[in-house]
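Residue-level listing of the chains:
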Amino acid sequence: MKKKKVYYLILLLCLTISLIIFSNYSIEKNSRNKTYFDSSQIEKNKVGLVLGTSKTLKNGTINLYFKYRINATVELFNKGKIDFILISGDNGNENYDEPSDFKNELIKLGIPENKIFLDYAGFRTLDSVIRAKEIFGQQSITIISQQFHNERAIYLAEKNGIKAIGFNAQDVSGRYGIKVKIREYLARTKVFIDILFGVNPKFLGEKIEIK
């Protein structure tokens, strides 16, 4: 009986590892030639979808993922590669507001307020991508985040009938960057589970026209 339990545990472990490897490979393969580091080479889209993250870390220092996504968004807008910016992030309570943090920073850097739209219900990448289509009416978007995040978001977008490309913000190195990359492997695995079970965004709501 004990041997049987060990066998099933080993089998489960092998299946889990296989799913993680398969998920990562599939998402990376799908995104080939769909993400860009050079803004001069990326095609134009009406809307750039910025995927939210916290402005600061727990120790109070600036979150470099936030800073680099801001920089990438400003570059893309100033090069005329997007006309509008849709910021999608978590606003789970009144003390935590990712979209407004991004908006305030972008305005400081010269982006006109009337070119910025906020999605306060982007609790997950899946929510952000689907809501860009279902709430904000976008069939084709440029996703702005780090490359690993863009790859996952593009996969989700295409599975939901959206044409998507990604503009890659500068990545983050060091210990914090490694932790995020490890979490990304698990997030990519969850993509396939969500697709299998037809998971939808937490909230939808009234449509908002971007113009």
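Structural data are supplied above this passage.
Residues numbered from 1 in each chain as written. Predicted model: local features only at pLDDT ≥ 70, side-chain atom pairs only at ≥ 80, totals over all residues. Heavy atoms only, no water.

Novice: Residues and numbers for the packing of helix α2 (residues 64–78) against helix α3 (residues 98–108), please.
Specialist: Their axes nearest at 10 Å, the elements α2 and α3 cross at an angle of 50°. It follows that α2 is oblique to α3 by the angle criterion. Considering how the two elements wind past one another, α2 and α3 form a crossing that is right-handed. Touching Phe 66, Arg 69, Ile 70, Thr 73 and Val 74 of α2 are Asp 101, Phe 102, Glu 105 and Leu 106, all from α3. Considered class by class, the residues forming the contact of α2 with α3 number five nonpolar, one polar and three charged. (Axes fitted to C-alpha atoms, helices over the stretch in contact; angles between N-to-C directions. Helix = DSSP H or I, 4+ residues; strand = E, 2+ residues; numbered from the N terminus. Parallel < 35°, antiparallel > 145°, perpendicular 65-115°, else oblique. Left-handed = near helix turned anticlockwise from the far one by under 90°. Contact = heavy atoms within 4.5 Å. Nonpolar A, V, L, I, M, F, W, Y, C, P; charged D, E, K, R; others polar.)

Novice: Could you give me a rundown of the sheet that holds strand β4 (residues 116–119), with the residues and numbers involved?
Specialist: In spatial order, the strands read β1-β6-β5-β2-β3-β4; together these six strands make up an open sheet with parallel pairing. For this open sheet the edge positions go to β1 (35–36) and β4, each flanked by a neighbour on one side alone. Note that strand β2 (residues 45–51) and strand β3 (residues 82–88) share six bridges and pair parallel. Within β3, the residue paired with Leu 51 across the bridge is Ser 88. Together, β2, β3, β4 and β5 (140–146) form the strand contacts of helix α4 (residues 125–134), whose direction differs from that of β2 by roughly 160°. Packing of helix α5 (residues 147–159) onto the sheet brings it into contact with β1, β2, β5 and β6 (163–169), and relative to β5 it is tilted by some 150°. (Pairing = 2+ DSSP bridges.)

Novice: Describe the pairing of β6, with residues and values.
Specialist: For β6, a buried count of six out of seven residues is recorded, marking the element as mostly surrounded by other parts of the structure. Two elements, β1 and β6, share two bridges in a ladder whose sense is parallel. Across the sheet, Tyr 36 pairs through a bridge with Phe 167, a residue of β6. Of the pairings in the sheet, the one linking β5 to β6 comprises seven bridges and is parallel in character. Looking across to β6, one finds that Ile 141 is bridged to Ala 164. A crossover connection joins β5 to the parallel β6 through α5; in handedness this β-α-β unit is right-handed. (Buried < 20%, exposed > 50% of the residue type's maximum accessible area, 1.4 Å probe, protein only. Right-handed = clockwise from strand over helix to strand, strands pointing away.)

Novice: Can you break down α3 residue by residue, with the values?
Specialist: Listed as buried for α3 are Glu 98, Pro 99, Ser 100, Phe 102, Lys 103 and Leu 106. Those residues of α3 that are buried lie in contact with β2, α2, β3 and β4. Directly beyond the C-terminal end of α3, a positive phi value near 100° is found at Gly 110.

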